[in-house]
Amino acid sequence: MPDIAIERRSFLKATLLAGGALAIDARVALAGTAGEAPVALNAFIRIAADNSITIGAKNPEIGQGVKTMLPMLIAEELDVDWAQVRIEQTHAAEKLFGPQVAGGSRATPVNWLPMRRVGATARSLLVQAAARKWSVDPAGLATAGGVVTHEASGRTARYADLAAEAAALPPIDPENVKLKDPAAFRIIGTSIGGVDVPAIVAGKPLYGIDVAMPGLLHAALEVCPVFGGTFRAGNLDEVRKMPGVRHVIVIKGNGQAESLYDGVAVLAESWWVADRARQALDLQWDTAGLEGFSTDGYAAEAAARMGAKPDAELARHGDVEAAFAAAARVVRADYSYPFLAHGTLEPQNCTALVKDGKVEIWAPTQNPEPGRKLVAEALGVPPEAIRINMTRSGGGFGRRLMNDYMVRAAAIAAQVPGTPVKLLYARTDDVRRDFYRPGGWHRFAAAIDGRGRLTGFKDHFITFGQDGKPIRSAQMSPFEFPAGCVPNLAYGQSLLATNLPTGWLRAPGSNALGFVFQSFLDEVAVAAGKTLPDLMIELLGEPRDLPWLPNAPALNTGRARGVIDKVCAMADWGKGARLPEGRGRGFGFYFSHMGYFAEIVDVAVSAEGEARVAKVWVAGDVGSQIINPVNAINQVQGSVIEGLGYALSGQAITQVAGAVTQENFHDAPIPRIGDVPDIVVEWVITDNPPSGLGEPALPPVIPALVNAIHAATGKRIRSLPITAEMLAG
């Protein structure tokens, strides 16, 4: 929202309380009159003279629909018609708006009550203003469609006519404002299209890549192909003489991938000129000690370590050795998965202007505040001297939780003060300068007794770490299912070194762990003469809470069973219908990000090894309320498509001599339209607070796919990505 609606007209204090809940105290500092200019009731709401309502959307929009969803919560409790609402993206200012993060599927659980209270407190102020104006009891007033009505006298007043008086009233404690009964919702629970869709369809500028302003220079940045390499020398003067080149700048880094690596930036009046000149650079880098890292080397070391004792024990319950000694049958299998890139359609970019000791940034970031801190440290300016304007992102998937592009753009702009600079990664830059989902290896063993019960379970997990701790996104919880449901269980972990920077990819950790655990449990189920849904229900037992992650909600076995039963009913699982040869169905379940999802995949595998997914059934429990149904279904469908892409599109990052070898979508592919199956989504509504759903629908689809392939072919897929060679014949 514009400055006049925030800094000059309102003040919002937001603090995180225990349990992650927000307490918001919205107080108006200054307000105009309805006849002069729009009136700000708080940091989020501005009322215009024509009774239109501008609502600020505070979180980054990365395609997850939050720019529509959060204002829906405010508008519902404000009691206006959606047709009256105009939405504006706020800038980054947590002191005004509270946390502004797009990640972890946290937007709904964090903002469900606070954003409703923002609308409810504003509505209460408007009702008080009308009561004072008419000298009546506020209890006798009603609101609807942006109008206050005194039913006894028939008097009405538009919000616009009351806004100035309401803005001058003492603040209201949001905790004490009564919220609507869900039965009275008129906006929440209805399908509303994304507010940016018309502009996207029309090709209007919305994204970071679209930022333009007078005098802007475009920057192409070259860094060492080997992560962590430092700049030594190059033909900089020669490139400076090329036509159209304005500057060639050396950036001295701090050795941190999320902040600054050494680099050389070429600036020109068009990105094409800058990039062509960048390609003419002949640079020398110091890569001593960094060239020994490779995909083949990791695999060889993991294989050697797999049979040894784990470096550390993550979990141990019961007498594991005794359970295996007494087992009627033991199932063993090794699973693995590769490093993955994010593959956002909009490459990383950022525009920065450094002038008079201040920094202004335009960035498609998922998490602006850490970027502010990194820029402040890199440039030696106070954080309050930095303004971050959040643009729409052309995909995030966790990549834009890291703000390297923001720091690099600011560092370049600092060397040409007063000139705005737009840094844009080429597609190859984007693939080779990612923060990758780390790979991993698992050696599983399961003990089954004479009655077909799972009595023992072991996993030796090998991943990447430093100083005895897993690196970012390589962690596994000691409570990973089936922990808590098997009496004798041991999880161990060993760590390998890498120079690849890692980061969160959609459904972090879960996107890999769901594959290996649910796929291996399908093997266990078959060995025990059961289906995986039957084994899961047996293990889950009666409804109860199981620990999941430290300081996070527990896994409720009753809710888990609810989605398992639902998806089996949706797909007629177990009804005995025979499928054609080469056709199979598989099941997967996972709990993550507070969401419960069970999925069944129907796949056909040809004799040549081509796997085609025909249909996916999805059952989800994300609590008591689906805020925007059409967007919720789109989010789940996107998760399913992305998960299938991890498995079937050939996605894998390989490393040779310390550098990533992939270049573009031809060797780091993403799913195409023709790959998308029919995806049916249904909800299990439960009496629990609403939670997010952009991520938890992804993990179950991968094991459901590979379990379906086993049902179709008898072949077990224990490593990703799936290739035709694995399935042919």
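Here is what the cut-offs are and how they apply
Residues numbered from 1 in each chain as written. Predicted model: local features only at pLDDT ≥ 70, side-chain atom pairs only at ≥ 80, totals over all residues. Heavy atoms only, no water. Phe/Tyr/Trp six-rings, centres within 6.5 Å; stacked < 30°, edge-to-face > 60°. Helix = DSSP H or I, 4+ residues; strand = E, 2+ residues; numbered from the N terminus. Buried < 20%, exposed > 50% of the residue type's maximum accessible area, 1.4 Å probe, protein only. Core = buried A, V, L, I, M, F, W, Y, C linked by side-chain atoms within 4.5 Å. Contact = heavy atoms within 4.5 Å. Pairing = 2+ DSSP bridges. Axes fitted to C-alpha atoms, helices over the stretch in contact; angles between N-to-C directions. Polar contact = N/O pair within 3.5 Å; in protein donor to acceptor, adjacent residues only side chain to side chain. Left-handed = near helix turned anticlockwise from the far one by under 90°. Nonpolar A, V, L, I, M, F, W, Y, C, P; charged D, E, K, R; others polar. Parallel < 35°, antiparallel > 145°, perpendicular 65-115°, else oblique. pLDDT = per-residue confidence, 0-100.

**What to know about the packing of aromatic side chains**
Thinking step 1. On inspection of all chains with the given rule, the structure shows 22 aromatic pairs.
Thinking step 2. Ring centres of phenylalanine 457 and phenylalanine 517 lie 6.1 Å apart, and the angle between their planes is 20°; on these two criteria the pair is classed as stacked. Of the two residues, phenylalanine 457 sits in strand 22 (residues 454–466) while phenylalanine 517 sits in helix 13 (residues 510–527), which places them 60 residues apart along the sequence. Per residue, the accessibility class of phenylalanine 457 equals that of phenylalanine 517, and both read buried.
Thinking step 3. Here a set of aromatic residues connected by ring pairs shows up, and it is made of Tyr335, Phe444, Phe457, Tyr491, Phe515, Phe517 and Phe520.

**Focus: the nonpolar core**
Thinking step 1. With 91 residues, the main nonpolar core has Phe457 and Phe589 as its most contacted residues.
Thinking step 2. No other element matches helix 13, which puts 10 residues into this core.
Thinking step 3. Phenylalanine 589 has contacts with Gln518, Met536, Ala560, Val563, Ile564, Tyr596, Phe597, Ala598 and Pro700, leaving out every residue within four places of it along the chain.
Thinking step 4. Judged by nonpolar contacts, the second largest core, of 53 residues, contains Ile53, Val148, Leu169 and Val177.

**A short note on the sheet that holds strand 32 (residues 678–683)**
Thinking step 1. Read across the open sheet, the 4 strands follow the order 27-28-29-32; overall the sheet is mixed. Two strands lie at the open edges of the sheet, namely strand 27 (583–592) and strand 32, each paired on one side alone. Within this sheet the neighbouring strands show an average axis-to-axis angle of 15°, counted without direction.
Thinking step 2. One ladder, built from 10 bridges, connects strand 27 with strand 28 (residues 595–605); its direction is antiparallel. Bridge pairing in strand 28 links phenylalanine 587 to isoleucine 600.

**Some remarks on the side chain of asparagine 349**
Thinking step 1. On the secondary structure map, asparagine 349 appears in strand 17 (residues 349–355).
Thinking step 2. On the accessibility criterion, asparagine 349 (0% relative accessible area) is buried.
Thinking step 3. Separated by 3.2 Å, the side chain of asparagine 349 and the backbone nitrogen of isoleucine 209 make a polar contact.
Thinking step 4. Aside from chain neighbours lying at most four places away, what touches asparagine 349 is Gly208, Ile209, Pro364, Arg400, Tyr405, Leu423 and Leu424.

**Details of the packing of helix 13 against helix 17 (residues 701–713)**
Thinking step 1. Orientation of helix 13 relative to helix 17, taken along the N-to-C sense of each, is 35°, at an axis distance of 8 Å. Crossing of helix 13 over helix 17 shows right-handed handedness. In contact with Asn511, Gly514, Phe515, Gln518, Ser519, Asp522 and Val526 of helix 13, helix 17 contributes Ile702, Pro703, Val706, Asn707 and His710.
Thinking step 2. Across the contact of helix 13 with helix 17, the residue classes break down as 5 nonpolar, 6 polar and 1 charged.

**Examining the packing of helix 16 (residues 629–648) against helix 17**
Geometrically, a packed helix pair is captured by the angle between its two axes and the distance between the axes.
Thinking step 1. The N-to-C vectors of helix 16 and helix 17 enclose an angle of 50°; their axes lie 8 Å apart at closest approach. Viewed along their axes, helix 16 and helix 17 adopt a mutual orientation that is oblique. Crossing angle aside, the handedness with which helix 16 passes helix 17 is right-handed. Note on element contacts: helix 17 touches helix 16 through Val701, Ile702 and Leu705, opposite Val640, Gly643, Leu644, Tyr646, Ala647 and Leu648.

**A word on the sheet that holds strand 8 (residues 147–150)**
Thinking step 1. Spatial strand order, 7-8-9: 3 strands in an open sheet with antiparallel pairing. Each edge of the open sheet carries a strand with a single partner, namely strand 7 (141–144) and strand 9 (155–158). Ignoring which end each strand starts from, the neighbouring axes of this sheet average 20° apart.
Thinking step 2. In this sheet, strand 8 lies alongside strand 7 in antiparallel orientation, the contact comprising 4 bridges. When the bridges of strand 8 are listed, alanine 144 appears paired with valine 147.

**Notes on the confidence of the model for the protein**
Thinking step 1. When pLDDT is averaged along the protein, the result is 94, and 95% of the positions lie at 70 or above.
Thinking step 2. Long-range and interchain partners of residues 1–35, a stretch whose pLDDT sits below 50, account for 100 contacts in this model, where long-range means more than four residues apart.

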